[in-house]
Amino acid sequence: MAKIGFQAGDILLPQGIDMTKWSVVACDQYTSEPEYWDAVDALVGDAPSTLRLTLPEIYLEQDGVDARIRAVNEAMLEYLKNGVLAEYKNKYLYVERTMRDGTVRPGLMGVVDLEEYDYRKGSQSLIRATEGTVVERIPPRLRVRENAALELPHIMLLIDDEQKTVLEPIAEKKDTLASAYDFPMMMDSGSIRGWFVDDKTAAQVDLALEKLAEPAAFDAKYNVSGKGVLLFAVGDGNHSLATAKENYEQVKRSLSAEEAAVHPARYALVEVVNIHDDSLQFEPIHRVLFDIDADDILAALRREHDVAEDGEGQKISYVCASGKGELVIRDPSANLTVGTLQNFLDRYLKEHGGRVDYIHGEDVVERLGAQPGNIGFLLPNMEKNELFPTVILDGALPRKTFSMGHAYDKRFYLEVRKIQK
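Residues numbered from 1 in each chain as written. Predicted model: local features only at pLDDT ≥ 70, side-chain atom pairs only at ≥ 80, totals over all residues. Heavy atoms only, no water.

**Student:** What am I meant to see in the packing of helix α4 (residues 138–145) against helix α8 (residues 238–252) here?
**Tutor:** Put simply, α4 and α8 touch, their axes get as near as 9 Å, and they point 65° apart. The orientation of α4 relative to α8 falls into the category roughly perpendicular. For the crossing formed where α4 meets α8, the hand is right-handed. Contacts between α4 and α8 involve I138, R141, L142 and R145 on the former and, on the latter, H239, A242, T243, A244, E246, N247 and Q250. Among the residues forming the contact of α4 with α8, the class breakdown is four nonpolar, four polar and three charged. (Axes fitted to C-alpha atoms, helices over the stretch in contact; angles between N-to-C directions. Helix = DSSP H or I, 4+ residues; strand = E, 2+ residues; numbered from the N terminus. Parallel < 35°, antiparallel > 145°, perpendicular 65-115°, else oblique. Left-handed = near helix turned anticlockwise from the far one by under 90°. Contact = heavy atoms within 4.5 Å. Nonpolar A, V, L, I, M, F, W, Y, C, P; charged D, E, K, R; others polar.)

Written out as structure tokens, the structure is:
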């Protein structure tokens, strides 16, 4: 594992239940849409569900969060005690997610070694963040994990496997593998199938990843030298993986080196996806500001930057109660448009107050941005083939630069893993 930082894991799956009610979208989605979570709660009812094992982030800053965290921890213990979950030892799971539009996204479930992951700026680790990690976002998430018996991942790691040597050979033999699950997902979110990868195929996966991580091949591929090998780039769940890392660092302080090497908290369950798969599309993450004066923020942006209504430059569209428009920033503060806007928003909100949310869908931005006291900013997309070279050469991108698909196509909670002894 030291060569690739990734291996098969001990995975828990539910038995004999309604899987559609079990599997719920990642907690960091629909953070400004309580009606979505109300509908999920009504759909799940009293059935076993990952909704009871996770804390949607819409509730993270609300009153009663401590009681919600306690309820999550108690539900984990209850599900373990009552036999809801069965454990499959030392397994990779090959996954095919059929999204709302019928596109199929392949993935591979396994565990990463958190000793091989470093989210700090300038990291040269085997596993790296692709965007800036907001350390202030870790402590509230750490409160959810620190007493949890289980982890449920929505983390997706990307590999730059242009020759398609890791996942695609598994797809060719999936019909010979044992089925793990096959069911429709809730809230019109497509469907998912999973298979247990046999030992021979698992060995082939490990070998293919070792070849991707070979330093000389890496240097030639990216025309670099003296850079650490980047094998896995975090595509989704950046702060969740950072929280897992911090939790492990806390646990490790009370362990010997021998104990730390085998402690389950040292590892995190993730899905690996090939950035070159046609199903994988990058979407921009837009911004909506709440409890602000839209006219004032537009005026402040024009004071800080050379802003035109058209022409060459970084283009940002906006929507507020008084209408829509486009801004062209001719003196950007960052290489990417999202970086220039985020730099400005950070300073403005610190001085004037207000709140920002990160939204994936244009329709949601337009609906929320048009409400009095709000403003929405719509950002352009980045090309996915820019990701690995940019992270290798320049480090992490500005936070919330891109999303891999719409909210309803995000990874849903499904597989489970023990993280306590």
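**Student:** Would you mind going over the nonpolar core with me for this structure?
**Tutor:** One broad rule of soluble globular proteins: the nonpolar side chains tend to lie buried together. F6, L157, L158, L209, F232, L241 and F282 are the most contacted members of the largest nonpolar core, which totals 59 residues. Elements with a contribution of two residues or more to this core: β6 (104–113), β10 (156–159), α6 (199–212), α7 (215–222), β13 (232–236), α8, β14 (267–274) and α13 (387–394). Every residue in contact with L157, bar those within four places of it in the chain, is listed here: V112, I127, F232, A233, V234, G235, L241, V270, E271, V272 and V273. Counting 51 residues, the second-largest nonpolar core is a separate cluster that includes L12, I58, L60 and A148. (Core = buried A, V, L, I, M, F, W, Y, C linked by side-chain atoms within 4.5 Å. Buried < 20%, exposed > 50% of the residue type's maximum accessible area, 1.4 Å probe, protein only.)

**Student:** What should I look at first to understand the packing of aromatic side chains in this one?
**Tutor:** What characterises a pair of aromatic rings is the spacing of the ring centres plus the angle enclosed by the ring planes. The final tally for this structure, using the stated rule, is twelve aromatic pairs. The rings of F6, Y92 and F232 are connected pair by pair, giving a single aromatic cluster. The aromatic ring of Y408 is capped on one face by R100, whose charged end is 3.5 Å from the ring centroid. Just above the ring of F290 sits the side chain of R355; from NZ or CZ to the centre is 4.1 Å. (Phe/Tyr/Trp six-rings, centres within 6.5 Å; stacked < 30°, edge-to-face > 60°. Lys NZ or Arg CZ within 6 Å of the ring centre and 35° of its normal.)

**Student:** Just checking my understanding: could you explain the layout of surface pockets for this structure?
**Tutor:** Once rolled over the atoms, a probe with the size of a water molecule shows which space is left empty. In this structure, the second largest pocket spans a volume of roughly 560 Å³. Along its surface, the second largest pocket is lined by 24 residues, and K121, G132, A396, L397 and P398 are the ones closest to its centre. Among the secondary structure elements, those contributing two or more residues to the lining of the second largest pocket are α11 (337–352) and α13. At four residues, the largest contribution of residues to the lining of the second largest pocket is made by α11. Considering only residue class, the lining of the second largest pocket consists of nine nonpolar, eight polar and seven charged. (1 Å grid on protein atoms, 1.4 Å probe; cavity = no way out; pocket = protein on both sides within 12 Å on 5 of 7 lines; lining within 4 Å. Points joined across faces, edges and corners; volume = space filled by probe spheres on them.)

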